[in-house]
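Structural features, examined
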There are 2 protein chains.
Amino acid sequence: MKKIINQPAEFVPELLEALFKAHPDQLSYQDDVHSVVRTDSPIKGKVGLATGGGSGHLPVFLGYVGTGMLDGCAVGDVFQSPSAEQILSITKRIDSGKGVLYIYGNYGGDVMNFDMSAEMAEMDDIQVRTVLVKDDVASAPPEEAARRRGVAGMVFAFKIAGAKADQGASLDEVAAATEKALANIRTMGVALSSCTVPVVGKPTFSIGDKEMEIGMGIHGERGMKREKLQTADEITERMTDAILADLQPGAGDRLAVMINGLGATPLEELYVMYGKVHEILAEKGIIVYRPYIGEFATSMEMAGASFTFFKLDDELIELLDAPAHTPFFTQL
Amino acid sequence: MKKIINQPAEFVPELLEALFKAHPDQLSYQDDVHSVVRTDSPIKGKVGLATGGGSGHLPVFLGYVGTGMLDGCAVGDVFQSPSAEQILSITKRIDSGKGVLYIYGNYGGDVMNFDMSAEMAEMDDIQVRTVLVKDDVASAPPEEAARRRGVAGMVFAFKIAGAKADQGASLDEVAAATEKALANIRTMGVALSSCTVPVVGKPTFSIGDKEMEIGMGIHGERGMKREKLQTADEITERMTDAILADLQPGAGDRLAVMINGLGATPLEELYVMYGKVHEILAEKGIIVYRPYIGEFATSMEMAGASFTFFKLDDELIELLDAPAHTPFFTQL
């Protein structure tokens, strides 16, 4: 196993201890390091925003806890859901009396535990609403969009929710703005190599040296097709076409475009792909309002990338443009 | 070759075209896309700061062109020096009359071309001074420190020079502050895998599945020892001990600490190593003033990390703390 780790079972606790040593001004925990909250929680007059999920996707999930984004995150082991108790713990910690919005990816274990936490929180008179992220177009056809997985598009959902909550909006208003954003967000990924879960100690799956999987999920879930590795332009065209067919933006529309590295793909390659996306969109009269090129949602050392397109209107642009600052993401 | 690219020879031009499409407000070029400058160049009353080097290290080098850091960068092909003509072109573009400081890594081809450009610039009455980055302790013993390679420590040199130049300091003053910073910066790297130069099409070297190379350079230059892969704690202890022996900070000293991923190493693993660095330093009474954990100087898809320690005093802290904003690096 080619990893720089200690005991595999200690991987996530060690990561979290280091996190609190590195960012004590911004992040803290209460009873358990697996519950990350902003040091200034709860923030008076603001809806609390919580997420959670398995480790191994940094900066997702906990990397977006901070000013202008989330208030708390429940941290599971690698690729494992956090427990309902962890989620409840941050829910209590970040609720200022205005309620808490859960924003997380559509995976069975996470849905079960967040729903259980929501029920327990409501017994404590904390109002909870949930917005599920289901942006991965490769994971189900449009007519079954409710089954889709949540991937890198969640970062935009966090950003929009954070900005709306900072305006003093109500729980229903923040949920509505986040739902509106997600209705306009689509993602698709391509993987060139596997990753290795530390406690397993061997790659989750294998892809041949000259193969790729179009539409693969961030835990290695099957995509649309395993096939011969193509050029950057060919990959970009296929990903872009698939997303555009689903999102259907028109000439004059403005998009935020995220080219996200899954872990081992160099920034240089992400830029090469961005160049082609920009060209394809320009040919259709579609405007890139703001590009995001880098690692925003990873799968440890997986090679590959995901493309996320986010169709904007004036309200969403105002929220997207609001400043944000976390230990892993800063936007002026 | 497991890369998302088009024609290998077009890799760098495509990257640069995408860069200018993505960041038109911040970065521009004059005659040749291989010469990246700030759109607001030259900046009146400010010393111009230039760097350059081979591609394949993003965010190094061009990623640090922006507010509070550099004014221009000459971009070579992957792992190749830019030409003297490219360097001269940005020198002319960024000189406001106050002179230009060259800050770059100590590699033969780069030294030759920057020196040639400096001579040509002086014939054009542009004053040029040079500060060479030689921070890699693994590349030569202390008594031959002048032979050392420049690696991730250059990012701190860019930061300090940028802040000093923004204060309106003279060319000599900016050079002196940068030299002072570099006298207090040491780096060492460990590699677990190779990378592949696109036009070569196969890995530069090979490391066995259970091997690592302590002290390896960012182009795959030999380090101190090829040996069995160790745990995160063991690797961290060895790197930290080697740097501390060379830098010799004492109890009460304040350090900036950079744990830099070389390309394929997950952020999670970088944090695990940071946790151990923090612990070792705390035991010695050394304070981490500011941690930098992420990818700051890479070698494409190489797995591994480098550790950089930067011993600070009040003047250096003021300069390190100054805000900076480039397309690849933002510090509030």
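Residues numbered from 1 in each chain as written. Chains lettered and ligands numbered in written order. Predicted model: local features only at pLDDT ≥ 70, side-chain atom pairs only at ≥ 80, totals over all residues.

In this complex, chain B contributes 46 residues to the contact, which on the side of chain A involves 46 residues. Listing elements by their share of the side of chain B that touches chain A, those giving two or more residues are α1 (11–22), α6 (232–247), α7 (267–283) and β11 (287–294) of chain B. Counting residues per element, the side of chain B that touches chain A draws most heavily on α7(B), which supplies 9 residues. Residues belonging to the side of chain B that touches chain A are distributed by class as follows: 24 nonpolar, 12 polar and 10 charged. (Contact = placed C-beta atoms within 7 Å. Helix = DSSP H or I, 4+ residues; strand = E, 2+ residues; numbered from the N terminus. Nonpolar A, V, L, I, M, F, W, Y, C, P; charged D, E, K, R; others polar.)

Here the focus is the sheet that holds strand β7 (residues 185–191) of chain B. Strand pairing within a sheet occurs via backbone hydrogen bonds; the two strands may be parallel or antiparallel. Residues and elements named next belong to chain B. Strand order in the open sheet formed by 6 strands is β9-β8-β7-β12-β10-β11, with mixed pairing between adjacent strands. Here the strands that pair on one side only, and so sit at the sheet edges, are β9 (225–228) and β11. The sheet shows a mean angle of 20° between the axes of neighbouring strands, direction not considered. In this structure, strand β10 (residues 254–261) lies alongside strand β12 (residues 304–312), joined through 8 bridges in antiparallel fashion. Paired with R254 across the two strands is L312, which belongs to β12. Across the face of the sheet, α6 comes into contact with β7, β8 (211–214) and β12 while running at roughly 155° to β7. (Pairing = 2+ DSSP bridges. Axes fitted to C-alpha atoms, helices over the stretch in contact; angles between N-to-C directions.)

This next bit is on the domain arrangement of chain A. Residues and elements named next belong to chain A. The domain boundaries assigned to chain A delineate domain 1 (8–184) and domain 2 (185–320). Each of domain 1 and domain 2 has a C-alpha centre, and these two points are 23 Å apart. With 30 residues of domain 1 at the contact, the number on the domain 2 side is 34 residues. Put simply, the parts of the chain that give the side of domain 1 that touches domain 2 at least two residues each are α4 (154–166) and α5 (171–182). Looking at the side of domain 1 that touches domain 2 residue by residue, the class counts come to 20 nonpolar, 5 polar and 5 charged. (Domains from an automatic or database assignment.)

Residue and element names in this part refer to chain A. Taking 1.5 Å of rise per residue, the 16 residues of helix α3 (residues 108–123) would be expected to cover 22 Å, and the 23 Å separating its terminal C-alpha atoms lies within 8% of that figure. Taken together, the buried positions of α3 are D110, N113, F114, S117, A118 and A121. Considered in projection along α3, the buried side chains sweep an arc of 145° and stay on one side of the axis. The exposed residues of α3 that point more than 90 degrees off its buried face are G108, M112, E119, E122 and M123. (Expected span 1.5 Å × (residues − 1). Buried ≥ 20, exposed ≤ 12 C-beta atoms within 10 Å, placed from the backbone. Arc of directions from axis to C-beta.)

Bringing the sheet that holds strand β10 (residues 254–261) of chain A into the picture now. Residues and elements named next belong to chain A. Here we have 6 strands laid out as an open sheet, ordered β9-β8-β7-β12-β10-β11, and mixed in their pairing. Each of the sheet's edge strands pairs with one partner strand only, and the pair in question is β9 (225–228) and β11 (287–294). Geometrically, the sheet is characterised by an average inter-axis angle of 20° between neighbouring strands, direction not taken into account. Sheet topology note: the strand β7 (residues 185–191)/strand β12 (residues 304–312) ladder contains 7 bridges and is antiparallel. Within the sheet, the bridge partner assigned to I185 lies in β12 and is F310.

Before going further, it helps to spend a moment on the environment of T240(A). Residues and elements named next belong to chain A. Along the chain, the position of T240 falls in helix α6 (residues 232–247). With 21 C-beta atoms packed within 10 Å, T240 lands in the buried category. Expressed as a C-alpha distance, the spacing of T240 and T308, which sit 68 residues apart in the sequence, is 9.0 Å. The residues touching T240, leaving out its near neighbours within four places in the chain, are V277, I280 and F307.

Our next topic: unusual backbone geometry. With an omega of -10°, the peptide bond running from S41(A) to P42(A) counts as cis. Its place among the elements puts P42(A) in the loop between β2 (35–38) and β3 (48–55). Note the cis peptide between L58(B) and P59(B), where omega equals 10°. Even without being glycine, F79(A) reaches a positive phi, approximately 60°. Take F79(A): it is sitting in the loop between β4 (72–78) and α2 (84–94).

Residues and elements named next belong to chain A. Packing of α2 against α3 brings their axes to within 8 Å, and their N-to-C directions diverge by 50°. Judged on the interaxial angle alone, α3 and α2 are oblique. Both α2 and α3 take part in a crossing whose hand is right-handed. Here A84, I87, L88 and T91 of α2 lie close against α3, whose contacting residues are N113, F114, M116, S117, M120 and A121. Partitioned by chemical class, the residues of the contact of α2 with α3 number 7 nonpolar, 3 polar and no charged. (Parallel < 35°, antiparallel > 145°, perpendicular 65-115°, else oblique. Left-handed = near helix turned anticlockwise from the far one by under 90°.)

Turning our attention to the environment of Y104(B). Residue and element names in this part refer to chain B. Mapped onto the fold, Y104 is located in strand β5 (residues 100–105). The class of Y104 is buried, set by 28 C-beta atoms lying within 10 Å. Along the sequence, Y104 and G53 sit 51 residues apart, while their C-alpha atoms lie 7.3 Å from each other. Here Y104 is in contact with T51, G52, G53, D110, F114, V133 and G150, once residues within four sequence places are set aside.

Here we take up the relation of the copies chain B and chain A. Superposition record for chain B on chain A: RMSD 0.0 Å, screw rotation 180°, translation along axis 0.0 Å. On this basis, the relationship between the two copies can be described by a two-fold rotation axis. The C-alpha atom lying nearest the rotation axis in chain B is that of A264(B); the distance is 1.9 Å. Most of the interface of chain B is mirrored in chain A: 100% of its interface residues are interface residues there too. (Least-squares fit on C-alpha atoms with pLDDT ≥ 70 in both.)

To continue, consider the confidence of the model for chain A. In this model, chain A carries an average pLDDT of 97, and 100% of its residues clear a pLDDT of 70 or more. We note a pTM of 0.98 for the whole complex and an ipTM of 0.98 for its interfaces. (pLDDT = per-residue confidence, 0-100.)

Quick look at the packing of α6(A) against helix α7 (residues 267–283) of chain A now. All names here are of chain A. The interhelical angle for the contact between α6 and α7, taken along N-to-C directions, is 55°, at an axis separation of 9 Å. Regarding the angle of α6 to α7, the classification is oblique. The two elements α6 and α7 meet at a crossing, and its hand is right-handed. Each of A232, D233, T236, E237 and T240 in α6 lies in contact with α7, whose residues at this interface are E269, V272, M273, K276, V277 and I280. A breakdown of the residues in the contact of α6 with α7 according to their chemical character gives 5 nonpolar, 2 polar and 4 charged.

Residues and elements named next belong to chain A. Among the structural elements, E213 can be located in strand β8 (residues 211–214). Residue classification places E213 among the buried positions, given that 24 C-beta atoms sit within 10 Å. The sequence separation of E213 and E10 amounts to 203 residues, and the corresponding C-alpha distance is 31 Å. Not counting chain neighbours up to four residues away, the residues in contact with E213 comprise V190, A191, I207, G223 and R226.

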